[in-house]
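An overview of the molecular structure
Okay, here's what each chain looks like letter by letter:
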Amino acid sequence: CLKEKLESRGAKVFMTRTSDETVPLPERGRRAWQARADLFISVHANALPDGANPADRSGYSVFYFQPHSEEFGRLAHESLTRTLKTNDDGFYYGNFAVCRTTQMPAILVETAYLIRPDEEEQLLSRDFQCKAAESIADAVSNLARNR
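Summarised in this report is the structure supplied together with it. None of these values were measured; they are calculated from a predicted model.

Reading the values: rules and limits
Residue positions are given per chain, counted from 1 along the sequence in the order it is written. The predicted origin of the model limits local features to residues at a pLDDT of at least 70 and limits the giving and counting of side-chain atom pairs to 80 or more, whereas totals for whole chains, interfaces and linings rest on all residues. Think of the side-chain values as coming from all heavy atoms in the structure, minus any hydrogens and water. Working definition: a disulfide is two cysteine sulfur atoms within 2.5 Å of each other. To qualify as a helix, a DSSP run of H or I must reach at least 4 residues; to qualify as a strand, a run of E must reach at least 2; elements of each kind are numbered from the N terminus. For every residue, the accessible area (1.4 Å probe, protein chains only) is compared with the maximum for its type, and the residue is labelled buried under 20%, exposed over 50%, or partly exposed between those bounds. In what follows, salt bridge is the name for a side-chain nitrogen of Lys or Arg lying within 4 Å of a carboxyl oxygen of Asp or Glu. Pairing between two strands is assigned when DSSP locates at least 2 bridges connecting them. Whether two residues are in contact is decided by their heavy atoms, any of which lying within 4.5 Å being enough. Take the number of residues in a helix, subtract one, and multiply by 1.5 Å to get its expected span. Two N or O atoms form a polar contact when they lie within 3.5 Å of each other; inside protein one atom must be a possible hydrogen donor and the other a possible acceptor, and for residues adjacent in sequence the pair counts only when both atoms belong to side chains. By convention, a stacked pair of Phe, Tyr or Trp rings (six-membered ring in the case of Trp) has centres within 6.5 Å and planes under 30 degrees apart, an edge-to-face pair has planes over 60 apart, and any other such pair is tilted.

1. Concerning the state of the cysteines
All told, the structure shown has 1 disulfide when counted by the stated rule. Paired by a disulfide, Cys1 and Cys130 hold their sulfur atoms 2.1 Å apart. Between Cys1 and Cys130, the S-S torsion sits near 120°, and that sign places the bridge as right-handed. Pair noted here: Cys1 is in the segment before helix H1 (2–8) and Cys130 is in helix H6 (residues 126–146), with a separation of 129 residues, a long-range link. With relative accessibility at 21%, the residue Cys1 sits in the partly exposed group.

2. Points about the pattern of salt bridges
Here the structure, examined in full by the defined rule, presents 13 salt bridges. Close ionic contact of Glu70 with Arg74 constitutes a salt bridge, the shortest N to O distance being 2.8 Å. Taken together, the residues Glu70 and Arg74, both in helix H3 (residues 70–83) and 4 residues apart, mark about one turn of the helix. Judged by relative accessible area, Glu70 falls into the partly exposed class, the value being 29%. Beyond isolated ion pairs, a larger network of salt bridges with shared partners links Lys5, Arg9, Glu134 and Asp138.

3. Structural notes on the pairing of strand S4 (residues 106–113)
The element S4 is largely enclosed, with a buried count of 8 among its 8 residues. Bridge count for strand S1 (residues 40–46) against S4 is 6 bridges, and the pairing is parallel. Note that in S4 the partner of Asn46 across the bridge is Tyr113. Looking at chain direction, strand S2 (residues 60–64) and S4 are connected through 3 bridges and run antiparallel. From the neighbouring strand, Val62 faces S4, where its bridge partner is Val109.

4. Notes on the environment of Glu119
Assignment of secondary structure puts Glu119 in helix H5 (residues 117–123). The buried category is assigned to Glu119, whose relative accessible area is 4%. Spatially, the C-alpha atoms of Glu119 and Thr86 are 8.8 Å apart, while their sequence positions differ by 33 residues. Those residues in contact with Glu119 that lie beyond four places of it in its chain are Ser58, Gly59, Ala112 and Tyr113.

5. Considering H6
With 21 residues, H6 should cover 30 Å at 1.5 Å per step; its first-to-last C-alpha distance of 30 Å lies within 8% of that length. Of the residues making up H6, those classed as buried are Phe128, Cys130, Ala132, Ala133, Ser135, Ile136, Ala137, Ala139, Val140, Ser141, Asn142 and Leu143. Against H1, S1, H3, S4 and H5 lie the buried residues of H6. The residue sitting at the N-terminus of H6 and contributing the capping side-chain oxygen is Ser125; that oxygen lies 3.3 Å from the backbone nitrogen of Asp127.

6. Describing the packing of aromatic side chains
Taken as a whole, this structure holds 5 aromatic pairs when the rule is applied. When the centroid spacing of 5.3 Å and the interplanar angle of 20° are considered together, the rings of Tyr64 and Phe91 count as stacked. In this pair, Tyr64 is assigned in strand S2 and Phe91 in strand S3 (residues 88–93), connecting sequence segments 27 residues apart. Looking at Tyr64, the relative accessible area reads 12%, which means it is buried. For the ring pair Tyr64 and Tyr93, a centre distance of 5.9 Å and an interplane angle of 80° mean the geometry is edge-to-face.

Written out as structure tokens, the structure is:
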């Protein structure tokens with residue numbers, strides 16, 4: 001849904017993978033760089049470490065690593081906050097490979113927690129997926145306007 005939302009706004013989208021193939025995390029950033037991408041967006045379903053209580057965490061979150069990615073991350077987080085009717089799990093600096101190894105502004109978006117049955121149901125919903133995608137596309141549009 002995100003690819004279509006971005007393309008409908010005039011963006012040229014490059015997917016680092018289009019199937020369930022295994023692509024090492026640093027390779028994803030290299031592929032984006034080789035494609036001359038202006039932005040890098042990695043979308044995930046969140047998880048918890050072993051032993052963590054799933055009742056303690058819920059909702060969406062956004063991570064960035066490089067200083068030049070913070071504005072993009074903040075815009076994505078604000079957009080998700082306006083659109084999704086779920087818990088805000090935060091906006092964070094995060095040392096994730098897909099954000100750390102990119103040359104362009106990069107964010108990692110956790111849309112919901114897969115371990116929580118109520119959020120798993122949302123993750124499987126096309127409506128929820130498209131709302132999250134619309135939020136991310138709004139952030140891309142807002143970033144482009146700010147530059």
